[in-house]
Amino acid sequence: MTTKTLRLRVARITREAEGILSYELTSEDGGALPDFEAGAHLDVQVPTLHGLRQYSLCNDPGETHRYVITVQRDANGRGGSRAMHDHVREGDVLTVSEPVNDFPLLYARSYVLIAGGIGVTPLLAMARVLERTGAEWVLHYCTRDEGRTAFRELLTSPSFAGRVHLHHDGGDPAKGLDVRALLATRGPGTRLYCCGPAGLMKAVRDAALLNRWPWEKVHFEAFSAEGASATHATPEEDFEVSLRSTGQVLRVPAGKSVLNVLRTHGVKVESDCEAGSCGTCLTRVCEGTPEHRDTFFQAEPAGDSRMLVCVSRARSKRLVLDL
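I will try to describe carefully the structure that is included in this document. Small disclaimer: the values here were computed from a predicted structure and weren't measured. (Residues numbered from 1 in each chain as written. Predicted model: local features only at pLDDT ≥ 70, side-chain atom pairs only at ≥ 80, totals over all residues. Heavy atoms only, no water.)

### Notes on the pattern of salt bridges
Stage number 1. A full pass over the atoms with the stated rule returns 19 salt bridges.
Stage number 2. The salt bridge involving Glu 136 is made with Arg 163; its shortest N-O contact spans 3.4 Å. A residue pair is termed long-range when its members are at least 10 positions apart, and Glu 136 in strand E8 (residues 136-143) and Arg 163 in the loop between helix H3 (152-155) and strand E9 (164-168) qualify at 27 residues.
Stage number 3. For Arg 163, a relative accessible area of 21% puts it in the partly exposed group.
Stage number 4. Measuring nitrogen to oxygen at the nearest pair gives 3.3 Å for the salt bridge that ties Glu 146 to Arg 152.
Stage number 5. Beyond isolated ion pairs, a larger network of salt bridges with shared partners links Arg 12, Glu 24, Glu 63 and Arg 66. (Salt bridge = Lys/Arg side-chain N within 4 Å of Asp/Glu carboxyl O. Helix = DSSP H or I, 4+ residues; strand = E, 2+ residues; numbered from the N terminus. Buried < 20%, exposed > 50% of the residue type's maximum accessible area, 1.4 Å probe, protein only.)

Below is the structure:
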């Protein structure tokens, strides 16, 4: 979690769709909260979990009296969403970071927003800003069905008419949004923003590359190693990690994180967010060149002597880790 933290009261919990709850957070004294920009998230200390999870802010950044985050219950996740759903109640106090923005809304002539599932949350904040400021934009929101479409009433309201397009695939991505066709043309100065499951982000990445979108105009938000892998412009390659203490050599395949490979082989590394933002899994690199994919090392260069093994990979064929 960032250095400065806030203690916020859960003022309201709202069911937004099947398995999806939003949490309205306010200061304990009712005062104004630190400003945030569209695309920002909070690092939340999840009760009973003793760990951090990142949740995007989905309300209008013009609001100073509250933050709103949305959590989808994931039965197969690492426990954060289940803890939020099962243990957080209205009136509880949560410890969170001040807003952090690794997914800023940059100036453009027009915008294409593509969301999948709970990935709509940062894009909803962007849509609010773009609508309020009179910008040219469109949002394509992909879900399984109407029942799992968060904020459906808002997104189908007159204020968003003609801007928001809902796509339901019934669980078969082939029946959903045709990303390749959507991105076949690009207006001058258009930026593309995407957040959602790794499969959707990979499809958007591939379509953007195929249709020669300028990569500096394509933006993704990923909160997992799988998501980070899916959004990288160049295909991942296998590499090896060697453990300095034992000399054991482990293969890290494309699409799998160093941290997961270490765990599979019984090597314990302390971790928390597993999205490259908290720095808990920082590991010293004795030999080789890491490829940094984190957001933790933004204020200072990471260099080649350390890496976050939850998301970062290797530029060299082998890394020797101080483990």
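Read on, since the account is not over.
### Concerning the sheet that holds strand E7 (residues 110-116)
Stage number 1. Taken together, 5 strands build an open sheet; the order of strands is E9-E8-E7-E10-E11 and the sheet is parallel. The open sheet terminates on both sides in strands that have one partner only, identified here as E9 and strand E11 (218-221). Put simply, the sheet's adjacent strands are angled 15° from each other on average, direction ignored.
Stage number 2. Two strands pair when backbone bridges link them, and E7 and strand E10 (residues 190-195) are joined in this way by 6 bridges, in the parallel orientation. Note on E10: the bridge partner recorded for Ile 114 is Cys 194.
Stage number 3. Taken strand by strand, helix H2 (residues 120-133) contacts E7, E8 and E10, and its axis lies near 150° from that of E7. (Pairing = 2+ DSSP bridges. Axes fitted to C-alpha atoms, helices over the stretch in contact; angles between N-to-C directions. Contact = heavy atoms within 4.5 Å.)

### What about the state of the cysteines?
Stage number 1. Under the criterion given, the structure shown has 0 disulfides.
Stage number 2. Cysteine Cys 195 remains unbridged, with the sulfur of Cys 194 as its closest cysteine sulfur at 7.1 Å.
Stage number 3. Overall, the relative accessible area of 5% leaves Cys 195 in the buried class.
Stage number 4. Here Cys 310 stays free of any disulfide, with the sulfur of Cys 281 as its closest cysteine sulfur at 3.7 Å. (Disulfide = S-S within 2.5 Å.)

### Topic: helix H5 (residues 198-210)
Stage number 1. With 13 residues, H5 should cover 18 Å at 1.5 Å per step; its first-to-last C-alpha distance of 18 Å lies within 8% of that length.
Stage number 2. By the burial criterion, the buried members of H5 are Leu 200, Met 201, Val 204, Arg 205, Ala 207 and Ala 208. (Expected span 1.5 Å × (residues − 1).)

### As for the sheet that holds strand E18 (residues 318-321)
Stage number 1. If you walk across this open sheet you meet the 5 strands as E13-E12-E18-E14-E16, and the pairing is mixed. The sheet is open, and its two edges are formed by strand E13 (249-252) and strand E16 (306-308), each paired on a single side. When the angles between neighbouring strand axes are averaged without regard to direction, this sheet yields 40°.

### Considerations on unusual backbone geometry
Stage number 1. A positive phi angle, near 60°, is found at Phe 151, a position not held by glycine.
Stage number 2. Of note, Phe 151 is situated in the loop between E8 and H3.
Stage number 3. Unlike most non-glycine residues, Arg 212 shows phi in positive territory, near 60°.
Stage number 4. The topology assignment puts Arg 212 in the loop between H5 and E11.

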